[in-house]
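Here is how the chains run, residue by residue.
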Amino acid sequence: EAQVTQNPRYLITVTGKKLTVTCSQNMNHEYMSWYRQDPGLGLRQIYYSMNVEVTDKGDVPEGYKVSRKEKRNFPLILESPSPNQTSLYFCASTMQGRADTQYFGPGTRLTVL
Amino acid sequence: SQKIEQNSEALNIQEGKTATLTCNYTNYSPAYLQWYRQDPGRGPVFLLLIRENEKEKRKERLKVTFDTTLKQSLFHITASQPADSATYLCALAPSIGTASKLTFGTGTRLQVTL
């Protein structure tokens, strides 16, 4: 089954404690992205990657890092989480050159105390 | 700056009626526009895409229109059912092949009642 998986699905942590949210897709897609979704603000792109070792900032990259060492994986790293990073996070992937069918993961709900 | 607005946060309609959701944009010239459905606690699911040179697209009970002069897209669900209740998001992209640069609206929550 074609899918994007994220782990963990839920996470409560404390300010300053480094964390990583993993994302993996099994569709051999080139493009992968991370979004955060907040009430009233909608989905905002954090980082995206067009292929292995190629990443770029989205609209709200501050406080986040990403890496793309393998085509299927695109982890999101919060080196020093703060309460304003409490949000619902989604990973997504799509095939290069295809305008349609962006596949989203199930989401990770992060709470930073 | 680019702005995408979706009409009203919530829309309530009766089962069997046609639901019409609006997506307006400013300071943007999208090559295409997408509509997604999002259920509570889940990731968005792609529904339809319409390109800038297309006026209308249909898929089963769904219809999307795209008016680049008005800078507006309308999303219609005909013969609506309670199972259509969800939040619907529109998303714009600047050019073909730039799916990684989608900009999303905040969504409209549709509630279909019996």
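To start, this report covers the structure provided alongside it. Everything numeric in this text was worked out from a predicted model, so none of it was measured.

## Looking at the overall build of chain B
- Counting its regular elements, chain B contains zero helices and eleven strands.
- Taken from N to C terminus, the helices and strands of chain B fall in the order β-β-β-β-β-β-β-β-β-β-β.
- Relative to the compact-globule value of 13 Å for 114 residues, chain B shows a C-alpha radius of gyration of 13 Å, a close match.
- Within chain B, buried positions represent 48% of all 114 residues.
- A sequence separation of at least 24 residues applies to 57% of the contacts in chain B between residues at least 6 apart.
- For chain B, the exposed surface amounts to about 5600 Å²; the carbon and sulfur share of it is 47%.

## Let's talk about the interface of chain A and chain B
- Listed by partner, the interface residues are 24 residues for chain A and 21 residues for chain B.
- The junction of chain A with chain B conceals about 1700 Å² of combined surface from both sides, 55% of it contributed by carbon and sulfur atoms.
- Run the count over chain A and chain B and you get zero salt bridges.
- Run the count over chain A and chain B and you get one residue pair in polar contact (both at pLDDT 80 or more).
- Looking at the side of chain A that touches chain B, the elements that each hand over two or more residues are strand E4 (31-38), strand E5 (42-51) and strand E9 (87-94) of chain A.
- In terms of residue count, the dominant contributor to the side of chain A that touches chain B is E5 of chain A (five residues).

## Examining the environment of Tyr47 of chain A
All names here are of chain A.
- Within the element layout of this structure, Tyr47 appears in strand E5.
- The sequence separation of Tyr47 and Glu79 amounts to 32 residues, and the corresponding C-alpha distance is 15 Å.
- Non-local contacts of Tyr47, meaning those with residues more than four positions away in its chain, are made with Ser33, Trp34, Asp56, Lys57, Gly58, Pro61, Tyr64, Lys65, Val66 and Phe74.

## Comments concerning the sheet that holds strand E6 (residues 56-59) of chain B
Residue and element names in this part refer to chain B.
- A sheet is described by the order of its strands in space; here five strands give the open sequence E1-E3-E8-E7-E6, paired in antiparallel fashion. Every other strand in the sheet has two partners, leaving strand E1 (3-6) and E6 as the edge strands with one partner each. Recorded for the sheet is a direction-independent mean angle of 15 degrees between the axes of neighbouring strands.
- Taken together, the six bridges between strand E3 (residues 19-26) and strand E8 (residues 72-77) define a ladder with antiparallel strand orientation. By the bridge assignment, Thr20 is partnered in E8 with His76.

## A few points about the state of the cysteines
Residues and elements named next belong to chain A.
- Per the counting criterion, the structure on display carries two disulfides over all chains.
- One disulfide in the model links Cys23 with Cys91; its S-S distance is 1.8 Å. Across the disulfide from Cys23 to Cys91, rotation about the S-S bond amounts to roughly -70 degrees, and the bridge is consequently left-handed. Here Cys23 is found in strand E3 (residues 19-25), whereas its partner Cys91 is found in strand E9, with 68 residues between them in sequence.

## Quick notes on unusual backbone geometry
Residues and elements named next belong to chain A.
- With an omega of -5 degrees, the peptide bond running from Asn7 to Pro8 counts as cis.
- Mapped onto the secondary structure, Pro8 falls in the loop between strand E1 (4-7) and strand E2 (10-13).
- In this structure, Asn28 is a non-glycine residue whose phi angle is positive, near 60 degrees.
- Summarising the element assignment, Asn28 is placed in the loop between E3 and E4.
- The residue Glu53 is not glycine, and still its phi comes out positive at about 65 degrees.
- For Glu53, the location among the structural elements is in the loop between E5 and strand E6 (54-57).
- When its relative accessible area of 59% is taken as the criterion, Glu53 is described as exposed.

Conventions we followed
Residues numbered from 1 in each chain as written. Chains lettered and ligands numbered in written order. Predicted model: local features only at pLDDT ≥ 70, side-chain atom pairs only at ≥ 80, totals over all residues. Heavy atoms only, no water. Helix = DSSP H or I, 4+ residues; strand = E, 2+ residues; numbered from the N terminus. Rg over C-alpha atoms; globule rule 2.2 N^0.38 Å. Buried < 20%, exposed > 50% of the residue type's maximum accessible area, 1.4 Å probe, protein only. Contact = heavy atoms within 4.5 Å. Areas by Shrake-Rupley, 256 points an atom, 1.4 Å probe, with all protein chains shown as cover. Buried area = accessible area lost by both parts, 1.4 Å probe. Salt bridge = Lys/Arg side-chain N within 4 Å of Asp/Glu carboxyl O. Polar contact = N/O pair within 3.5 Å; in protein donor to acceptor, adjacent residues only side chain to side chain. Pairing = 2+ DSSP bridges. Axes fitted to C-alpha atoms, helices over the stretch in contact; angles between N-to-C directions. Disulfide = S-S within 2.5 Å.

Honestly, it's all geometry; don't read function into it.
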